[in-house]
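Residue-level structural notes
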Amino acid sequence: MLPDFKQHDHGGDPYDTPFYRRLRGWLDFAIERRWWVIGITVAALGAALVGIRFVPQQFFPNSSRPELVVELRLKERLFVRRHHGAGQDDGGCAAKDEDVKFYTAYTGAGSRAFYLALNPELPNPGYAVFVVMTKDTAARERVRSRLMASVNDQFRTCGSA
């Protein structure tokens, strides 16, 4: 079932080149001194683990913008405008908060011009995005903490207004 490899002569040993001879030399050297290689590898790993603390965080840097993006999802066939009061003149809960300068609500779909969404939301009457602009970054963290702690109570309070 397997072909006879002896019939196909490729003109000598394909690994008999300067590159492969040099590679063979390095491998022989590493195998003969394997404990040195293992020790150097462990030391390099340790140095990398210690040094990672000095690498600045760059992939997701801390945000210095004083805004929050809040998504609200209701059950199927529920409408955000009716239950949350978006579009009412009193401005809802965000307008009553002293740390909030202003907010914008996008109901029925995601925001159109605020940012490039990687996962755009399909039209849905039970979906809303609120962009809340706070006074400063400290105010943003206070508003965020209050929202995280009491979002269910806050939603019911605003929805009944």
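Please read these numbers as outputs of a predicted model, since none were measured by experiment. Residues take numbers from 1 onward in each chain, read along the sequence in its written order. Local features are withheld for residues below a pLDDT of 70 in this predicted model, meaning they are given only at 70 or higher, and side-chain atom pairs are given and counted only at 80 or more; totals for whole chains, interfaces and linings count all residues. Neither water nor hydrogens contribute to the side-chain values; these are computed over all heavy atoms in the structure.

1. Focus: the overall build of the protein
- A tally of regular secondary structure across the protein gives five helices and three strands.
- Only runs of H or I of at least four residues qualify as helices and only runs of E of at least two qualify as strands under DSSP, and these elements are numbered from the N terminus. From first element to last, N terminus to C terminus, the protein shows the α and β order α-α-β-α-α-β-β-α.
- Counting over 161 residues, the protein shows a buried share of 20%.
- For this analysis, residues touch if any pair of their heavy atoms sits within 4.5 Å. Taking the contacts inside the protein whose residues are at least 6 apart along the sequence as the reference set, 69% of them involve residues at least 24 apart. For every residue, the accessible area (1.4 Å probe, protein chains only) is compared with the maximum for its type, and the residue is labelled buried under 20%, exposed over 50%, or partly exposed between those bounds.

2. Details of the pattern of salt bridges
- Within this document, salt bridges are pairs made up of a side-chain nitrogen of Lys or Arg and a carboxyl oxygen of Asp or Glu, the two lying within 4 Å of each other. Summed over the entire model, instances satisfying the criterion amount to six salt bridges.
- E141 is the partner of R140 in a salt bridge, and the nearest nitrogen-oxygen pair spans 3.1 Å.
- You can call R140 buried: its relative accessible area is 10%.

3. Side note on the packing of aromatic side chains
- Two rings belonging to Phe, Tyr or Trp (six-membered ring only in the last case) form a pair when the distance between their centres is within 6.5 Å. Interplanar angles under 30 degrees mark stacking, angles over 60 mark edge-to-face geometry, and anything in between is tilted. The final tally for this structure, using the stated rule, is four aromatic pairs.
- Summarising the aromatic geometry, the rings of W26 and F29 are spaced 6.4 Å apart at their centres and angled 80° between planes, so their arrangement reads as edge-to-face. Of this pair, W26 and F29 both sit in helix 1 (residues 18–32), separated by three residues, roughly a single helical turn.
- By relative accessible area, F29 is classed as partly exposed at 42%.
- Put simply, the rings of Y15, F19 and Y20 pair up and form one aromatic cluster.

4. A short note on the nonpolar core
- Counting residues in hydrophobic clusters, the biggest one holds eight residues: L68, L72, L74, V100, A128, F130, V132 and V143.
- Ranked by residue count, the leading element in this core is strand 3 (residues 127–134), at three residues. Here, the term nonpolar core denotes a set of buried Ala, Val, Leu, Ile, Met, Phe, Trp, Tyr and Cys residues that are joined through side-chain atoms within 4.5 Å.

5. A few points about the sheet that holds strand 3
- Pairing between strands is defined by DSSP: at least two bridges between the two strands are required. Spatially, three strands are ordered 1-3-2 in an open sheet, and the strand pairing comes out antiparallel. Every other strand in the sheet has two partners, leaving strand 1 (67–73) and strand 2 (100–107) as the edge strands with one partner each. Sheet twist, expressed as the average angle between the axes of neighbouring strands with direction ignored, equals 20°.
- Relative to strand 3, strand 2 is paired through seven bridges, and the arrangement is antiparallel. Here the axes come from fitting lines to C-alpha atoms, over the contacting stretch only for helices, and the angles between their N-to-C directions go from 0 to 180 degrees.

6. Side note on the confidence of the model for the protein
- Summing up the model confidence of the protein, the mean pLDDT is 77 and the portion of residues at 70 or higher is 66%.
- pLDDT expresses, on a scale from 0 to 100, how confident the predictor is about each individual residue. Per-residue pLDDT stays below 50 along residues 85–91; that stretch engages in nine contacts with residues further than four places along the chain or on separate chains.

7. Quick notes on the environment of T134
- Within the fold, T134 resides in strand 3.
- Classification of T134 by relative accessible area gives buried; the value is 0%.
- A sequence separation of 68 residues divides T134 from P66, and the C-alpha atoms of the two residues are 5.4 Å apart.
- Each residue touching T134, except ones within four places of it in the same chain, is listed here: P66, E67, D99, V100, K101, A139, R140 and V143.
- Nitrogen and oxygen atoms within 3.5 Å of one another constitute a polar contact, given that in protein one can donate a hydrogen and the other can accept it, and given that sequence-neighbouring residues count only through two side-chain atoms. A distance of 2.6 Å separates a polar side-chain atom of T134 from the backbone oxygen of P66.
- A polar contact is formed between the side chain of T134 and the backbone nitrogen of R140, at a distance of 3.4 Å.

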